[in-house]
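Structural features, examined
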Amino acid sequence: MTTDLHELLRSLRVWDPEVTELRPFDPAGAPAEPLSLFTAWFAEAVAAGQKEPHTMSLATADADGHPDVRIVMLHGADADGWAFATHATSRKGGQLAARPYAALAFYWPVLGRQVRVRGPVTAAPAAESQGDLHARSTGALAAALTGRQSEVLGSVEELARESEAAWARAQQEPDAPVPSWTLYRLRPDEVEFFQGDEQRRHVRLNYRYNKSGWIRELLWP
């Protein structure tokens, strides 16, 4: 039986009230800087039962300016920026080396909310990157030790062999170094908060940074 994609798409509903709570958002009461609002919204997404709220889309561009995007995990957000990690030798690591500027997007459908962040990206020192890796799970270390991210894989059997060896080493050496593992920080020059509205009067509050500090502005939905 063939699936009719267009028919399937037409059958879907956005922000079903049975699973989504569209909360009022008054931008006049928003803080002067975006980090505290992001922290509050993130906590509310967790409390509302949003699955994997720490996952985000990471958009980069290669040396020719061609865009790329994937889902990664947020490792933290503070005054130094929004943090994520990957191998410096991976595709996104190479793209960040060529063009150290990126964008992030969070989507929390349980509240009808999005947060978009963009700005320059810097790599943390090696010691901090290794500390980030070793603070994570054994599985995360095993995956990092497997390495060769984004390279062409010969077979699933090859992956199984390399992964099995990496798991064994991760269990025996919980502090095993992975030199290519890099913690990156995106220091935002723009952060947008989007709150959906059932009448499509969506609230978009945008923060822009300039020499005098953060500027807040509303955007048309």
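For the structure itself, look to the data block above.
Digging into the environment of Glu44
Structurally, the position occupied by Glu44 is in helix 2 (residues 34-47). A relative accessible area of 27% places Glu44 in the partly exposed class. In this structure Glu44 touches Arg23, Leu111 and Arg113, once residues within four positions along its chain are discounted. Only 2.7 Å separates the side chain of Glu44 from the side chain of Arg113, close enough to count as a polar contact.

Comments concerning the packing of aromatic side chains
Tallied over the entire structure, the rule returns 13 aromatic pairs. Put simply, the rings of Phe25, Trp41, Phe193, Tyr207, Tyr209 and Trp214 touch in pairs and so form one group of aromatic residues. In this arrangement the basic side chain of Arg113 is found over the ring face of Trp41, its NZ or CZ atom lying 4.1 Å from the centre.

Some words on the pairing of strand 5 (residues 101-108)
Taking every second residue as pointing to the same face, the buried face of strand 5 carries Ala102, Leu104, Phe106 and Trp108, while none of Tyr101, Ala103, Ala105 and Tyr107 on the other face is buried. In the sheet, strand 1 (residues 55-61) pairs with strand 5 via three bridges, with the strands oriented antiparallel. Bridge pairing in strand 5 links Ser57 to Ala105. Relative to strand 6 (residues 113-123), strand 5 is paired through eight bridges, and the arrangement is antiparallel. Bridge pairing in strand 6 places Ala103 opposite Arg118. A loop of four residues connects strand 5 with strand 6, the two strands running antiparallel in sequence, and Gly112 in this loop sits at a positive phi of about 65°.

What about the side chain of Gln50?
Looking at the element boundaries, Gln50 is found in the loop between helix 2 and strand 1. According to the relative accessible area criterion, Gln50 is buried, its value standing at 14%. Of the polar contacts made by the side chain of Gln50, one reaches the backbone nitrogen of Val110; its length is 3.1 Å. If near-sequence neighbours (up to four positions away) are discounted, Gln50 is found in contact with Ala45, Trp108, Pro109 and Val110.

A word on the pairing of strand 10 (residues 213-219)
Here strand 9 (residues 203-210) runs beside strand 10; their pairing, made up of seven bridges, is antiparallel. Pairing of Tyr209 across the sheet is with Trp214, part of strand 10. A loop of two residues connects strand 9 with strand 10, the two strands running antiparallel in sequence.

Rules behind the numbers
- Residues numbered from 1 in each chain as written.
- Predicted model: local features only at pLDDT ≥ 70, side-chain atom pairs only at ≥ 80, totals over all residues.
- Heavy atoms only, no water.
- Helix = DSSP H or I, 4+ residues; strand = E, 2+ residues; numbered from the N terminus.
- Buried < 20%, exposed > 50% of the residue type's maximum accessible area, 1.4 Å probe, protein only.
- Contact = heavy atoms within 4.5 Å.
- Polar contact = N/O pair within 3.5 Å; in protein donor to acceptor, adjacent residues only side chain to side chain.
- Phe/Tyr/Trp six-rings, centres within 6.5 Å; stacked < 30°, edge-to-face > 60°.
- Lys NZ or Arg CZ within 6 Å of the ring centre and 35° of its normal.
- Pairing = 2+ DSSP bridges.

Interpretation note: all reported values are geometric properties and have no functional meaning in isolation.
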